[in-house]
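# Fold and contact review
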Amino acid sequence: MNWIFKGALLLNGFPIKEALNNYSHLLNNPIDNQNRAFKQFIYFKEKSSFYKKFLFDKRSDHINHWNMVPIISKKDFQVGMDEVIKGWNFKKLHIHNTSGSSGTPFYFAKDKFCHAMTWAHTNAKFSEHDLQLGASCQARFYGIPLDGFKYYKERLKDMLSARIRFPVFDLSDIRLAEMVEIFKKHDFIYINGYTSSLVLFAKYLISNNVVLKDICPSLQLVMPTSEICDDIDRKTLKDGFGVKVVNEYGAAELDLIAMDDIDGDFVLNEETLYVEILDEQNRPVLPGVEGRVVITSLFNQVMPFIRYEIGDRAILSDKVKNGRRVLERVVGRTNDIIKLPSGKVSPGLTFYYISKRLLEGGGKIKEFVIRQTTINTFVLEYVSESEMSSGEKEQVMIAVETYLDAGLELIFIRKEKIERTKAGKLKHFFSEI
């Protein structure tokens with residue numbers, strides 16, 4: 001973390017020096033996160049009127065061990081910030097919101113030490129890959145607010161953070177060609193951005209026989225975030241950019257949840273979070289078994305993210321590295337559910353894999369989304385230079401019958417452009433029923 005970046009944090013009231021010292025202490029001491037999480041629970045039970053009411057409504061105000069602590073969700077917090085953080089001076093907090101890509105935008109708050117700890121953790125994880133916050137030049141493939149003040153605020157943050165932003169709202173071939181020219185002129189060290197946008201750019205490069213590392217020799221790695229990055233995506237990114245892929249997984253209201261280490265293991269954040277993977281009865285699942293991601297923030301003193309279900313599903317590995325657990329993979333969101341006439345229920349990720357393998361294998365399909373409009377009808381919207389052939393459509397239908405059910409109707413619609421969320425993200429599957 002360079003002095004300009006650190007100075008900007010200090011100027012905004014974030015005690016980064018104290019956080020960095022505290023983080024160093026955490027790294028050198030045994031992990032007992034369930035005990036730390038229970039202390040957080042006791043703190044909010046005593047201090048937060050919002051959390052006291054939540055426990056009372058859940059009939060959970062008499063708790064003497066961790067497994068009795070109820071799960072809290074985003075909808076529980078959506079009663080107004082005044083109610084959730086009553087008693088706190090808003091001006092002394094870090095208040096922000098998530099993009100709302102999976103629903104309603106969500107406002108959250110952190111005390112400034114908690115947010116400084118988030119930066120301390122990010123700094124440590126990036127340092128493992130020889131990246132220096134505020135110094136290593138970043139190509140940032142994200143959205144950006146389009147109204148005046150917020151737009152210029154983000155641009156100022158970009159400047160202080162040594163990053164050049166590539167807004168992802170326009171990813172036409174003309175714009176992608178312009179991006180290639182920008183890479184020729186700057187010494188980018190790494191790329192960070194939404195998986196779908198990076199994959200689209202990589203596929204453009206591949207189709208034009210360009211490897212980004214060849215025209216930007218300083219480039220060291222690409223870091224996809226915010227959306228699932230599977231093995232096919234990884235290969236596309238590696239082929240198009242010519243550098244290693246470092247996956248990260250996080251939640252804006254919490255912290256980095258997991259990140260690839262130098263060996264490629266998806267190591268969990270055991271410093272600022274307590275991460276649980278639970279079944280439907282709120283019991284921990286074994287390694288290799290899919291479950292719900294439930295997280296407790298170990299430093300937030302303002303908002304009770306205590307056993308907070310973030311809406312994702314994931315699988316733990318049986319590997320442990322330096323006392324830190326390893327995540328095998330993130331599977332998808334809990335609300336991405338396919339309901340079928342037979343009564344079968346499948347994750348939306350099933351369609352994701354069907355489509356990735358059968359539609360994108362030859363590079364013809366640039367982007368796609370799938371909408372379930374009725375119990376037996378699905379609409380596949382795709383961006384391509386030409387219509388899918390009858391044979392290609394038949395391949396998809398055969399795969400649908402194999403993975404899901406026979407007799408489903410699949411409507412194919414070719415489009416010039418797939419609309420993204422306001423944040424610039426692309427959600428591959430969603431249900432309208």
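Right, let's walk through the structure included here.

Criteria and cut-off values
- Residues numbered from 1 in each chain as written.
- Predicted model: local features only at pLDDT ≥ 70, side-chain atom pairs only at ≥ 80, totals over all residues.
- Heavy atoms only, no water.
- Pairing = 2+ DSSP bridges.
- Helix = DSSP H or I, 4+ residues; strand = E, 2+ residues; numbered from the N terminus.
- Right-handed = clockwise from strand over helix to strand, strands pointing away.
- Buried < 20%, exposed > 50% of the residue type's maximum accessible area, 1.4 Å probe, protein only.
- Salt bridge = Lys/Arg side-chain N within 4 Å of Asp/Glu carboxyl O.
- Expected span 1.5 Å × (residues − 1).
- Arc of directions from axis to C-beta.
- Core = buried A, V, L, I, M, F, W, Y, C linked by side-chain atoms within 4.5 Å.
- Patch = residues over 30% accessible without salt bridge, like charges linked within 9 Å, V, L, I, M, F, W, Y side chains within 5 Å.
- Areas by Shrake-Rupley, 256 points an atom, 1.4 Å probe, with all protein chains shown as cover.
- Axes fitted to C-alpha atoms, helices over the stretch in contact; angles between N-to-C directions.
- Parallel < 35°, antiparallel > 145°, perpendicular 65-115°, else oblique.
- Contact = heavy atoms within 4.5 Å.
- Nonpolar A, V, L, I, M, F, W, Y, C, P; charged D, E, K, R; others polar.
- Left-handed = near helix turned anticlockwise from the far one by under 90°.

## Regarding the pairing of strand β20 (residues 409-415)
- Across seven bridges, strand β19 (residues 377-384) lies against β20 in parallel orientation. Bridge pairing links L380 to F412 in β20.
- As for the winding sense of the linkage, the β-α-β connection from β19 through helix α14 (residues 390-403) to β20 is right-handed.

## What to know about the pairing of strand β10 (residues 255-260)
- Of all six residues that make up β10, six are buried, and the element is covered over most of its length.
- Counted along the chain from strand β9 (residues 248-251) to the antiparallel partner β10, the turn is three residues long.
- Where β10 hands over to strand β11 (residues 266-268), the hairpin turn is made up of five residues, of which G264 adopts a positive phi near 90°.

## Some thoughts on the pattern of salt bridges
- A full pass over the atoms with the stated rule returns 27 salt bridges.
- Between E83 and K86 there is a salt bridge, and its shortest N-O distance comes to 3.9 Å.
- Ionic pairing is found between K321 and D261, a salt bridge with its closest N-O pair at 2.7 Å. Here D261 lies in the loop between β10 and β11 and K321 lies in strand β14 (residues 308-321), a separation of 60 residues in the sequence. For the pair K321 and D261, a shared accessibility class is recorded, and that class is buried.
- A cluster of three or more residues bridged by salt bridges with shared partners is formed by E154, R155, K157, D158, R163 and R165.

## A short note on helix α2 (residues 16-27)
- With 12 residues, α2 should reach 16 Å at 1.5 Å per residue; the first-to-last C-alpha distance of 16 Å fits that figure.
- Among the residues of α2, I16, A19, Y23 and L26 are the ones counted as buried. Projected down its long axis, α2 carries its buried residues within an arc of 75°, all on one side. Of the exposed residues in α2, those oriented more than 90 degrees away from the buried face are K17 and N21.

## Thoughts on the nonpolar core
- Counting 68 residues, the largest nonpolar core has F41, Y51, F77, Y249, I257 and L327 as its most contacted members.
- Sorting elements by how many residues they give to this core places helix α7 (residues 112-127) first, with six residues.
- In this structure, C137, L171, V180 and L200 belong to the second largest nonpolar core, which totals 30 residues.

## Things to note about unusual backbone geometry
- At R59, a residue that is not glycine, the phi angle is positive and equals roughly 55°.
- Considering the arrangement of structural elements, one finds R59 in the loop between α4 (49-57) and β1 (72-73).
- R59 gets classed as exposed once you look at its relative accessible area, which sits at 77%.

## Re a nonpolar patch on the surface
- On the surface, a nonpolar cluster with roughly 260 Å² of combined accessible area is contributed by F90, I95 and Y107.
- Its place among the elements puts Y107 in strand β3 (residues 107-111).
- Look at Y107 and you get partly exposed, because its relative accessible area is 46%.

## Some details on the packing of helix α9 (residues 173-185) against helix α10 (residues 195-207)
- Packing of α9 against α10 brings their axes to within 11 Å, and their N-to-C directions diverge by 85°. Judged by the inter-axis angle, α9 sits roughly perpendicular to α10. Contacts between α9 and α10 pair D173, L176, A177, M179, V180 and F183 from the former with L200, F201, Y204 and L205 from the latter.
- By residue class, the composition of the contact of α9 with α10 is nine nonpolar, no polar and one charged.

## Some words on the sheet that holds strand β6 (residues 190-194)
- Taken in spatial order, the five strands of this open sheet run β5-β4-β6-β7-β8, and their pairing is parallel. Every other strand in the sheet has two partners, leaving β5 (163-165) and β8 (244-245) as the edge strands with one partner each.
- For strand β4 (residues 138-141) and β6, the ladder comprises four bridges, and the chain directions are parallel. Its bridge partner lying in β6, R140 is registered against N192.
- Strands β4, β6 and β7 (221-225) of the sheet are contacted by α10, whose axis makes an angle of about 120° with β6.

## Notes on the sheet that holds β20
- Spatially, the four strands line up as an open sheet ordered β20-β19-β18-β21, and their pairing is mixed. Of all strands in the sheet, those bounded by a partner on one side alone are β20 and β21 (429-431). On average, adjacent strands in this sheet sit at an angle of 20° to one another, irrespective of strand direction.
- Judged from the three bridges that link them, strand β18 (residues 365-374) and β21 form a sheet pairing that is parallel. Across the sheet, residue R371 finds its bridge partner in β21, namely F430.

## Details of the packing of α10 against helix α12 (residues 231-241)
- One way to put it is that α10 packs onto α12 with a least axis distance of 8 Å and a crossing angle of 50°. Viewed along their axes, α10 and α12 adopt a mutual orientation that is oblique. Handedness of the α10/α12 crossing: left-handed. For the pair α10 and α12, contact is made by T195, L198, V199, F201, A202, K203, L205 and I206 and by D233, T236, L237, D239, G240 and F241, respectively.

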